[in-house]
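Tertiary structure, described
Residues per chain are reported as follows:
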Amino acid sequence: MIAASLTPREAPPRWQVELAAAYTDPAELLHALDLDPAWLPAARRAAAAFPLRVPRGFVARMRKGDAHDPLLRQVLPLAEELVAAPGYVADPVGDLAAMPVPGVLHKYRGRALLVATGACGVHCRYCFRREFPYGAASAGRGAWDAALDYLRATPEVSEVILSGGDPLALSDRRLATLLAALDAIPHLQRLRIHSRQPVVLPARVDGGLLAVLDATRLATVLVVHANHPHELDAEVAAALAPLRRRGITLLNQSVLLAGVNDDAAVLAELSERLFAAGVLPYYLHQLDAVRGAAHFAVADARALAIMDTLRAQLPGYLVPRLVREVAGAPAKTPVVAR
Ligand SMILES: *Cc1c(COP(=O)(O)O)cnc(C)c1O
Ligand code: SF4
């Protein structure tokens, strides 16, 4: 302790402090929300397979005493996750077959996705990568070299997508190193970042991150991930504003989730709030059939009916595209009436 005060070290940024303070114990989360401890045994069992993680600021947007709060449902481990469902598997989107080198997913023309880290600020129970073998297949821990070599050797790729996990879980220093290496690859034109952190941990968008983004020559797109209007509070809007002022294109992707946002009024309100924060809706994903997530599934017929209602209520640019990921397909596949 004394030594620490004699040799002052740089204090960690606020977002890292908040991240470290995230709830990881289901008992603490239930207590904070005044919920019945009867939920605890199942939560512990489900969390053993995929741990609970949720930042306190996100929990503060939930309604106390409501076990069906739409934000809580996205993060609370439930007994339903342990029920086997036919067709729900560990790698539903064929990721492991589309990985030319560890940490690079190259499925679509012109775009390559870099699994920059396995870490996330929040653990979403429906996550299609909940069983992804990040240890073997992420590009972190010095293993970016192989991924960067692949990008250098593949001039077909003009857009690199940083994904994960959550690429903004990387420190500014690591992100700056990665972006500098990408900048130096002449055929890259666009940088896309897929991150949930501006929504679940808005403190992540700080001066350090903005400086990192200011330094890249690549045209930058940030795709955030919000599923319900309650996720977007004033703090999130304030975090997005400086990104927008920098000319970064801001888009949102959502997952259609039973009991969370399978309702046209909820999705319409989400689009309105996104727009107010400078973000356009991009994709509404049909759930990937990952093991443990079957209870979130919404049938295509219902999804299409919700889309019809949305289209009748909103300007076209506020209607997301309903898609699903089909292993081996050349793009995200539109969900259409059959
Ligand atoms: C979803 C995805 C993309 C991006 O697809 P867009 O339609 O351009 O948003 C790129 N690569 C992989 C591997 C993906 O899963
Ligand atoms: S933030 Fe994205 S990658 Fe991370 S757990 Fe949620 S859905 Fe999965």
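These figures come from a predicted structure and were not determined experimentally.

**Focus: the packing of helix α13 (residues 264–276) against helix α14 (residues 300–313)**
Axis separation between α13 and α14 bottoms out at 9 Å; the angle between their running directions is 45 degrees. As far as their axial angle goes, α14 and α13 are oblique. Crossing hand, α13 versus α14: right-handed. Facing Ala264, Leu267 and Ala268 of α13, the residues of α14 in contact are Ile306, Thr309, Leu310 and Gln313. Residues of the contact of α13 with α14, tallied by class, amount to five nonpolar, two polar and no charged.

**Description of the domain arrangement of the protein**
Considered domain by domain, the protein is made up of domain 1 (3–82) and domain 2 (96–334). Centre-to-centre separation of domain 1 and domain 2, based on C-alpha positions: 22 Å. In this assembly, 28 residues from domain 1 lie in contact with 35 residues from domain 2. When domain 1 packs against domain 2, the two sides together hide about 2600 Å² of surface, and 58% of this comes from carbon and sulfur. The largest share of the area that domain 1 buries against domain 2 comes from Trp15, Arg61 and Gln74, three residues that together contribute 32% of it.

Here is what the cut-offs are and how they apply
- Residues numbered from 1 in each chain as written.
- Chains lettered and ligands numbered in written order.
- Predicted model: local features only at pLDDT ≥ 70, side-chain atom pairs only at ≥ 80, totals over all residues.
- Heavy atoms only, no water.
- Axes fitted to C-alpha atoms, helices over the stretch in contact; angles between N-to-C directions.
- Helix = DSSP H or I, 4+ residues; strand = E, 2+ residues; numbered from the N terminus.
- Parallel < 35°, antiparallel > 145°, perpendicular 65-115°, else oblique.
- Left-handed = near helix turned anticlockwise from the far one by under 90°.
- Contact = heavy atoms within 4.5 Å.
- Nonpolar A, V, L, I, M, F, W, Y, C, P; charged D, E, K, R; others polar.
- Domains from an automatic or database assignment.
- Buried area = accessible area lost by both parts, 1.4 Å probe.

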